[in-house]
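# Remarks on the overall topology
Listed here are the chains, written in short residue letters.
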Amino acid sequence: MSKPSLPQGTRDFNAATVQKRQYIFQTIKSVFELYGFQALETPAMENLETLMGKYGEEGDKLIFKILNNGLDLPQKKQQTLEGVEKLFAGKSSTELTERALRYDLTIPFARYIAMHHGSLTFPFKRYQIQPVWRADRPQKGRYREFYQCDADVVGSDSLLNEVDLMSVYLTAFGNLKLPVEVKMNNRKILLGLAQFCGGEEKLIDLTIAIDKLDKIGWEKVKEELNTKGFSDAQQKIIQQYLNITGSNEEKIAQLKKLLGDNASVLKGIEELNYVLQYHPSSGMSKQLVADFTLARGLNYYTGLIFEVKALNTDMGSIGGGGRYNDLTSLFGVPNIPGVGISFGVDRIYDVMEEKNLFPPSIEQTTQVLFFNLGEEEAQAAYAQMDLLRNKKIACEIYPEKSKFDKQFKYAEKKGIPNVIIIGTEELGKKECKLKNINTGIQTTILFNELVNYKF
RNA sequence: GAGGGCGUAGCUCAGUAGGUUAGAGCGACAGUUUGUGGAUCUGUAGGUCGUGGGUUCGAGACCCAUCGUUCUCCCCA
């Protein structure tokens, strides 16, 4: 038998890891609920049709597809072979696969809205904390199965939603004690730039090239723009655009100077300003950074876009989101605008681990271990344990009669702070010995007093 | 999809220029100690050196392939 192993990019989580992850989930979830979002869960798998074509060409390739059952049935052989043919022709094949694992939470949410818009009350605010799967090559901070925590508002155009979501970000990361900055830009500004550089149809090429700036540098971006057919004059404008620096106010002033006669850019700036300046007293403005080089890969965004970066680490973005005018029209239900944000829990975990930000208090375990010193003694111990458990004190009894050594070591390894010893001596006197593992202090307590002991 | 690093005991790793019986630390288990843990000491178990080929008198080491893993690029959380 070969050694058991895990599929690439997936992980097991031990007790300590689960507790830390739960701490992140809980923190985010309670902020979501504080802001009026309600939970939604959707299936791990969706119809392939629901997902395909929503994430761009690259994204489609990374969708985990589920092979149909019964492909090996003799009567289906012809159909299966046709499916394979289609596959090699570069088309998707419903003969072979009709379902896929969800790639993110936003598209399944849009599908949900499209299916239930008749019975939902708008504006509809939902949050969703579930795993997603991507057939990506794993590397640092990148897994094939990872959790997303999304909060979205649909059915409202108001920028107050953006303000609220930025507050959710800052509150949640504040509660996690994780220093971050939220970069903001507006697709309308990028659209304006594209219009300035030869047309809206170049928006996607433009955003993809711009997005790479901080990674590959201007020279490489320039090369890419060249191959995509941007003229020298256009490249010059793009370079000026990317060179904008300074405080939020200074950046916006420079942008106005450069592209201020474009209506889309002006609109974009206005929206950006609205959110940046909504309540200056909160200190929000400090962590919100206008960044015109932010582009984001997903093309369904149409308004403000956000990306969260943890400070002082080389981890990529740990969250992102933006406004989309018309996501549900992909599913035949137009005119439901929305805006959403997402937390990348696995990366947040990695950063917090790296920076040692988990409070020690979240590691909780059994409070009391009862020693097992024989059948009769164990029975007495079990009765005492019942009483403590009724008081919501986490207890366990060592399941077999063993040497002290072994039972002590068990408690120590598991981090159980208290052991209770009931042997023949104690049994006779109806008392027990309570020993604190950390301090080494041992006290004697009568059975009928144990329930009221403060652990 | 492209490119690099690494696979030796449960874990972390050594293994010199290919040479006879593959090592250490930690951990596990047992004893020292039939009712008081963390320490010490002693002992024990555990490896077809990722897999398959090849070169060689001889391969853990060199070559090829393959699988796994990790990192970078693309893309993304």
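Reading the values: the criteria
- Residues numbered from 1 in each chain as written.
- Chains lettered and ligands numbered in written order.
- Predicted model: local features only at pLDDT ≥ 70, side-chain atom pairs only at ≥ 80, totals over all residues.
- Heavy atoms only, no water.
- Helix = DSSP H or I, 4+ residues; strand = E, 2+ residues; numbered from the N terminus.
- Rg over C-alpha atoms; globule rule 2.2 N^0.38 Å.
- Buried < 20%, exposed > 50% of the residue type's maximum accessible area, 1.4 Å probe, protein only.
- Pairing = 2+ DSSP bridges.
- Contact = heavy atoms within 4.5 Å.
- Axes fitted to C-alpha atoms, helices over the stretch in contact; angles between N-to-C directions.
- Near = heavy atom within 4 Å.
- Polar contact = N/O pair within 3.5 Å; in protein donor to acceptor, adjacent residues only side chain to side chain.
- Nonpolar A, V, L, I, M, F, W, Y, C, P; charged D, E, K, R; others polar.
- Left-handed = near helix turned anticlockwise from the far one by under 90°.
- Phe/Tyr/Trp six-rings, centres within 6.5 Å; stacked < 30°, edge-to-face > 60°.
- pLDDT = per-residue confidence, 0-100.
- Expected span 1.5 Å × (residues − 1).
- Arc of directions from axis to C-beta.
- Salt bridge = Lys/Arg side-chain N within 4 Å of Asp/Glu carboxyl O.
- Parallel < 35°, antiparallel > 145°, perpendicular 65-115°, else oblique.

## Section: the overall build of chain A
Regarding its fold elements, chain A presents 18 helices and 16 strands. Here chain A has a C-alpha radius of gyration of 29 Å; the compact-globule value for 455 residues is 23 Å, and the former is much larger. Based on the C-alpha atoms only, the size of chain A along its principal axes is roughly 95 × 70 × 50 Å. The buried share of chain A, taken over its 455 residues, is 48%.

## Focus: the sheet that holds strand β11 (residues 338–344)
If you trace the 8 strands from one edge of the open sheet to the other, you get β1-β5-β6-β11-β10-β9-β7-β8, paired in mixed fashion. Edge strands, defined here as strands with exactly one partner in the open sheet, are β1 (38–39) and β8 (288–290). Here strand β6 (residues 145–154) pairs with β11 via 7 bridges, running antiparallel. Within β11, the position partnered with Val-153 by the bridge is Val-339. Sitting on the sheet, helix α12 (residues 263–276) is in contact with β7 (180–186), β8 and β9 (304–310), with an inclination near 155° to β7.

## Quick look at helix α5 (residues 106–116)
With 9 of 11 residues buried, α5 is to be regarded as a mostly interior element. Those residues of α5 that are buried lie in contact with β2 (45–47), α2 (48–51), β5 (124–133), β6 and β10 (319–324).

## Side note on the protein's contact with RNA strand B
The environment of RNA strand B is made up of 42 residues, and the closest members are Arg-134, Arg-142, Ser-317, Arg-347 and Lys-413. For RNA strand B, the backbone makes up 48% of the atoms found within 4 Å of the protein, where backbone means sugar plus phosphate. Side-chain polar atom of Arg-142 to a base nitrogen of RNA strand B: 2.3 Å apart, as the coordinates give it. For the surface near RNA strand B, the elements supplying multiple residues, two or more each, are β6, α8 (203–211), α9 (213–227), α16 (404–414), α17 (424–429) and β15 (431–436). Considering each element in turn, the surface near RNA strand B owes the most residues, 7 residues, to α16. Tallied by class, the residues present in the surface near RNA strand B amount to 11 nonpolar, 11 polar and 20 charged.

## Focus on the packing of helix α1 (residues 15–34) against helix α14 (residues 345–354)
Two elements in contact, α1 and α14, have axes separated by 10 Å at closest approach and are oriented at 115°. When the axes of α1 and α14 are compared, the crossing they make is right-handed. The residues of α14 that touch α1, namely those facing Thr-17, Lys-20, Arg-21, Tyr-23, Ile-24, Phe-25 and Ile-28, are Val-345, Asp-346, Ile-348, Tyr-349, Met-352 and Glu-353. In terms of residue class, the contact of α1 with α14 is made up of 8 nonpolar, 1 polar and 4 charged.

## A closer look at the sheet that holds β2
Paired through their backbone hydrogen bonds, the strands of a sheet run either parallel or antiparallel. If you trace the 3 strands from one edge of the open sheet to the other, you get β2-β4-β3, paired in antiparallel fashion. Every interior strand has two partners, whereas the edge strands, β2 and β3 (65–67), have only one. Looking at each pair of strands side by side, their axes are set apart by 40° on average, direction ignored. Alignment of β2 against strand β4 (residues 97–101), held across 3 bridges, turns out to be antiparallel. By the bridge assignment, Met-45 is partnered in β4 with Leu-101.

## With respect to the packing of aromatic side chains
Enumeration over the complete set of coordinates arrives at 21 aromatic pairs. With centroids separated by 5.5 Å and ring planes inclined at 50°, the aromatic side chains of Tyr-274 and Tyr-278 adopt a geometry described as tilted. Relative accessible area serves as the criterion here: at 37%, Tyr-274 is assigned to the partly exposed category. Judged by relative accessible area, Tyr-278 falls into the partly exposed class, the value being 39%. Where Tyr-453 meets Phe-455, the ring centres are 4.9 Å apart and the plane angle is 65°; that geometry is what we call edge-to-face. For Phe-455, a relative accessible area of 32% translates into the label partly exposed. Ring-pair connections join several aromatic residues into one group, and the members of that group are Phe-32, Phe-37, Tyr-127, Tyr-169, Phe-173 and Phe-343.

## Let's talk about the confidence of the model for chain A
Mean pLDDT over chain A works out to 88, with 98% of the residues at or above the 70 mark. Reported confidences for the modelled complex are a pTM of 0.88 and an ipTM of 0.82.

## Observations concerning α12
Between the first and last C-alpha of α12 there are 20 Å, a value that for 14 residues agrees with the 20 Å anticipated at 1.5 Å per step. Of the positions making up α12, those classed as buried are Ser-264, Val-265, Gly-268, Ile-269, Glu-271, Leu-272, Val-275 and Leu-276. Seen along its axis, α12 keeps its buried residues to an arc of 165°; they face one direction. At the N-terminal boundary of α12, the capping side chain belongs to Asn-262, with an oxygen 2.8 Å from the backbone nitrogen of Ser-264.

## Side note on the environment of Thr-171
When you line up the elements, Thr-171 lands in helix α6 (residues 160–175). A relative accessible area of 24% places Thr-171 in the partly exposed class. In this structure, the C-alpha to C-alpha distance between Thr-171 and Val-31, residues 140 residues apart in sequence, is 7.2 Å.

## Topic: the pattern of salt bridges
Once the charged atoms of two side chains with opposite charge are near each other, the side chains can pair. Overall, the coordinates contain 16 salt bridges when judged by the stated rule. The shortest N-O distance in the salt bridge between Glu-396 and Lys-414 comes to 2.8 Å. Here Glu-396, found in strand β13 (residues 395–397), pairs with Lys-414, found in helix α16; they are 18 residues apart in sequence, far enough to count as distant. Relative accessible area serves as the criterion here: at 14%, Glu-396 is assigned to the buried category. Among the residues examined, Lys-414 registers a relative accessible area of 37% and is labelled partly exposed.

## Some remarks on the packing of helix α10 (residues 232–242) against helix α11 (residues 248–259)
Look at α10 against α11: their axes get within 10 Å of each other, and the N-to-C directions meet at 165°. The angle between α10 and α11 falls in the class roughly antiparallel. Where α10 crosses over α11, the handedness of that crossing is right-handed. Between α10, through Ile-237, Gln-240 and Tyr-241, and α11, the contact on the second element is made entirely by Leu-255, Leu-258 and Leu-259. Among the residues making up the contact of α10 with α11, the classes are represented as 5 nonpolar, 1 polar and no charged.

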